[in-house]
Amino acid sequence: MSASAPSAEDMEFELPTDPLPIPPYDPDLDVRSNGRPLFCGKSSLSELTHKDVGSYFDFSVEELKEKLPEGLPAGMIQEFEETRRWALLVRQSFIDLRDNFRRIVDPPARASSKSSPVRKQVVLDGLVSCGKSILLAMLVHWARSEGWLVFYVPNARKWTRGGFFYRNPNTNLWDTPVQAAQILKDFLKFNESHLQKLPIQIFDPIPLGEGAGIRMRKDADSMAMPEDSTLLDLVRIGIEEQHAALSFVKDIPVLLAIDQYNSWFTFSEYEEPVTARSCRPIHAKELSTVSAYRSMMHGDMMVGAFSHSTAVGKLRQELPDVPLDARILLPRYSLDEAESVCHYYLRQRLIRRDGFSEDKWKKIYHLSNGNGKEMRWLVPFI
């Protein structure tokens, strides 16, 4: 190392813009108190088993950006930035959710009597900062690594605010062409190679609407697609023309993954003028884009994650267009998980080694009630 270059100790507490793994200065810190390794050492989320629960999985930076080009959840970004490592805790909830959808696509030859029934539609619920968004993002990463076609919406709340909106006279729903175009662009970011291989199977004329700043076409109210068109052609037309809609085909496994799903069960920020002095708030279900994807009453695989940090408000237990058994309550960190988390933070130097003890990390756990965000904020005070 040249004299002008900073030493490892000088760089130790710097927070890089692009988080990088910290070299292992002490091998003893790579082992948990139960003697098991702190890092699972697996190269793929598909390889994880129940034995890896409680350990950390290291993501490839390039693969993470490739598999989740729509963006990462805020909680995942904060974890990476503050720990300066692209690693996440392997939780039992992820193993169960992944195996649930794996059994749907590839059913086992013999069904075990101990295995729970599979669910094609799942709603992830739970207390604030229990890991719902991170769990959903990990599921999307795994499904795309398996070659699935995944429609991932990391911020469903954006569908209900901003941009241009108008009432479609044909559907009596409110169209939001700015959001619709962005939805299709995001869909192309990862799925372009899949869409190229999928032929269009619906040849009925596609109804046309208005675009952002573009009036309804007078010369035609629909558009026909050539017989040799692919789904990629249809999506590109929707982006470029801003008049067409998107339809799914199912030659490969398809998963719909919606974060902030609960924002589709309350009012949008749009309002319809009723009189000269009053307006009626427009419900999210009245928006064309939301109406097309909100319902879970179908045979497709779909996961919706609630976000209680968006101040949507508490919803009733039984939601319209959602199966009664779809909701799964995710727990916050258990005591065993909190032990792994605190040892990981010690390893990543969020905690100073001379002040670390079992009694102190347990106090942090009970003080935060297993809230992951609060634990990460409190551990430096040990």
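By the naming in an unreviewed UniProt entry, the protein goes by Small ribosomal subunit protein mS29 and is assigned to Spirodela intermedia. Turning to the protein, the UniProt annotation filed under Subcellular location (unreviewed entry) states: "Mitochondrion". Its UniProt record, at the heading Sequence similarities (unreviewed entry), says of the protein: "Belongs to the mitochondrion-specific ribosomal protein mS29 family."

As a further point, take the overall build of the protein. A count of helical and extended segments in the protein gives 10 helices and 13 strands. Going through the 382 residues of the protein one by one, you find that 46% of them count as buried. Long-range pairs, those at least 24 residues apart, make up 71% of the contacts in the protein between residues at least 6 apart in sequence. Just so you have it, the protein exposes about 19900 Å², and 53% of that area is on carbon and sulfur atoms.

Further remarks concern the pattern of salt bridges. Applying the stated rule across the entire model yields 20 salt bridges. The closest approach of N and O atoms between R98 and D99, which form a salt bridge, is 2.9 Å. Here the two residues R98 and D99 agree in accessibility, since each one is buried. As a salt-bridge pair, R167 and E272 come within 3.2 Å of each other at their nearest N and O atoms. Of this pair, R167 sits in strand β5 (residues 166–167) while E272 sits in strand β10 (residues 267–273), and the two are 105 residues apart along the sequence. Since its relative accessible area comes to 28%, R167 is described here as partly exposed.

About the criteria used
Residues numbered from 1 in each chain as written. Predicted model: local features only at pLDDT ≥ 70, side-chain atom pairs only at ≥ 80, totals over all residues. Heavy atoms only, no water. UniProt positions renumbered as here; feature names shortened; annotations may be inferred. Helix = DSSP H or I, 4+ residues; strand = E, 2+ residues; numbered from the N terminus. Buried < 20%, exposed > 50% of the residue type's maximum accessible area, 1.4 Å probe, protein only. Contact = heavy atoms within 4.5 Å. Areas by Shrake-Rupley, 256 points an atom, 1.4 Å probe, with all protein chains shown as cover. Salt bridge = Lys/Arg side-chain N within 4 Å of Asp/Glu carboxyl O.

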